[in-house]
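# Reading the structure
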Amino acid sequence: LMRENALQQRIAALEAELSHTRILAREHTRLEAQVEQLRVANERLAESNRGLEEKVKQRTRELEHSNARLSSEIAEKEDFLRAVSHDLNPPLRNISGMAAMLLIKYRERFDEDIIHRLERIRKNVELETDLIAELLELSRIKTRRQKMEPVSVGSIIDDLRDVFEEDLKQKQ
């Protein structure tokens, strides 16, 4: 009887150990499946990273190309503005000088309308010369932000009124 009890206890212990081994085997199989899932996910992630790295490299090349093209276009713009300002200034100085000479030499012979027109020519030449100087200054401005300064809107309106005064009179 004792022997039978000992055998039954031994069988119960073996059954418990077998049950525990089965549980461990199932857990091992589940963990192996998770490891495989992680391996596949890591491969996909690595592939995605390679794709993203290639996209970043491509975009960087595109941006470098665009920046080089933009720098070239800015340089061309600066050269153009410098050339225009230097080419336009001499004829304008000539026009202003001729109008001044006519006013000095023949003022007493001209009626008020001619004198007014010659003064208007000089004023418009001055405005154009200022505009050309501003274009030249613009050609010197790179991409830096300019300091904001207050402006007199009233003086701008006065200048515009002077410029267009004759045109407005003719339209009335």
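Within every chain, residues take consecutive numbers counted from 1 along the sequence as written. Local features in this predicted model are restricted to residues of pLDDT 70 or higher, and side-chain atom pairs are both shown and tallied only at a pLDDT of 80 or more, whereas totals for entire chains, interfaces and linings draw on every residue. Side-chain numbers here rest on the full set of heavy atoms in the structure, without hydrogens or water.

## Brief notes about the overall build of the chain
Helix and strand labels come from DSSP, where a helix needs a run of H or I of at least four residues and a strand needs a run of E of at least two; each type is numbered from the N terminus. Scanning the chain from N- to C-terminus turns up three helices and zero strands. In sequence order, the chain lays out its α and β elements as α-α-α. Seen through its C-alpha atoms, the chain measures out along the principal axes to roughly 155 × 35 × 30 Å. Type-normalised accessible area, obtained with a 1.4 Å probe on protein chains alone, sets the label of each residue: buried when under 20%, exposed when over 50%, and partly exposed for intermediate values. Buried residues in the chain amount to 10% of all 172 residues. Contacts are assigned to residue pairs that have any heavy atoms within 4.5 Å of one another. Of the contacts made within the chain by residues no fewer than 6 positions apart, 69% connect residues no fewer than 24 positions apart. Note on areas: Shrake-Rupley, 1.4 Å probe, and residue coverage restricted to the protein chains presented here. A total of about 14,800 Å² of accessible surface is found on the chain, and carbon and sulfur atoms cover 58% of it.

## Digging into the pattern of salt bridges
Two side chains of opposite charge can pair, provided their charged atoms sit close to one another. A side-chain nitrogen of Lys or Arg and a carboxyl oxygen of Asp or Glu constitute a salt bridge if their distance falls within 4 Å. Inspection of every chain in the model, using the stated rule, returns eight salt bridges. For R59, the salt bridge is made with E62, and the minimal N-O distance between the two is 3.1 Å. With a gap of three residues between them, R59 and E62 both fall in helix α1 (residues 2-106), about one helical turn apart. R59 gets classed as partly exposed once you look at its relative accessible area, which sits at 46%. Three or more residues joined by partner-sharing salt bridges are found here, namely E36, R39 and E43.

## Here we look at a negative patch on the surface
The patches described consist of residues with a relative accessible area above 30% and no salt bridge, like charges being joined within 9 Å and nonpolar side chains (Val, Leu, Ile, Met, Phe, Trp, Tyr) within 5 Å. We treat Lys and Arg as the positive residues and Asp and Glu as the negative residues; His and chain ends play no part in the count. A single reference atom marks each charge: NZ on Lys, CZ on Arg, CG on Asp, CD on Glu. A cluster of acidic residues, E126, D130, E134, D159 and D162, forms a negative patch on the protein surface. Among the secondary structure elements, those contributing two or more residues to the negative patch are α2 (112-140) and α3 (153-171). Per element, the largest residue contribution to the negative patch is three residues, and it comes from α2. Turning to its location among the elements, E134 is positioned in helix α2. A relative accessible area of 54% means that E134 is categorised as exposed.

## Overview of the side chain of S96
Looking at where S96 falls in the secondary structure, it is placed in helix α1. Here S96 is in contact with R122 and V125, once residues within four sequence places are set aside.

## Structural notes on α1
Over its 105 residues, α1 extends 149 Å from the first C-alpha to the last, a length consistent with the 156 Å expected when each residue adds 1.5 Å. For α1, the principal kink sits at N89 and spans about 25°; a proline, P90, occurs within the next four residues. When we look at burial in α1, the residues that qualify are E78, L81, S85, N89, L92, S96, A99, A100 and L103. Each helix should span, by expectation, one fewer than its residue count multiplied by 1.5 Å. Bend, in this description, refers to the angle at a residue between axes fitted to the seven residues ending there and the seven starting there.

## Observations regarding the confidence of the model for the chain
Values of pLDDT, ranging from 0 to 100, describe the predictor's confidence in every residue of the model. In the predicted model, the chain carries a mean pLDDT of 88, and 96% of its residues have values of at least 70. Mean pLDDT per element in the chain: α3 is the minimum at 79, and α1 is the maximum at 92.

## A word on a nonpolar patch on the surface
The grouping of V151, V153, I156, I157, L160, F164 and L168 at the surface amounts to a nonpolar patch, some 660 Å² of accessible area in total. Its place among the elements puts L160 in helix α3. The exposure class of L160 is partly exposed, given its relative accessible area of 45%.

## Here's the deal with the environment of H20
The topology assignment puts H20 in helix α1. Placed 83 residues apart in sequence, H20 and L103 show a C-alpha to C-alpha distance of 118 Å.

## Some points on α3
With 19 residues, α3 extends 25 Å between its outermost C-alpha atoms, agreeing within 8% with the 27 Å of an ideal straight helix rising 1.5 Å per residue. Along α3, the sharpest kink reaches roughly 55°, centred on F164.

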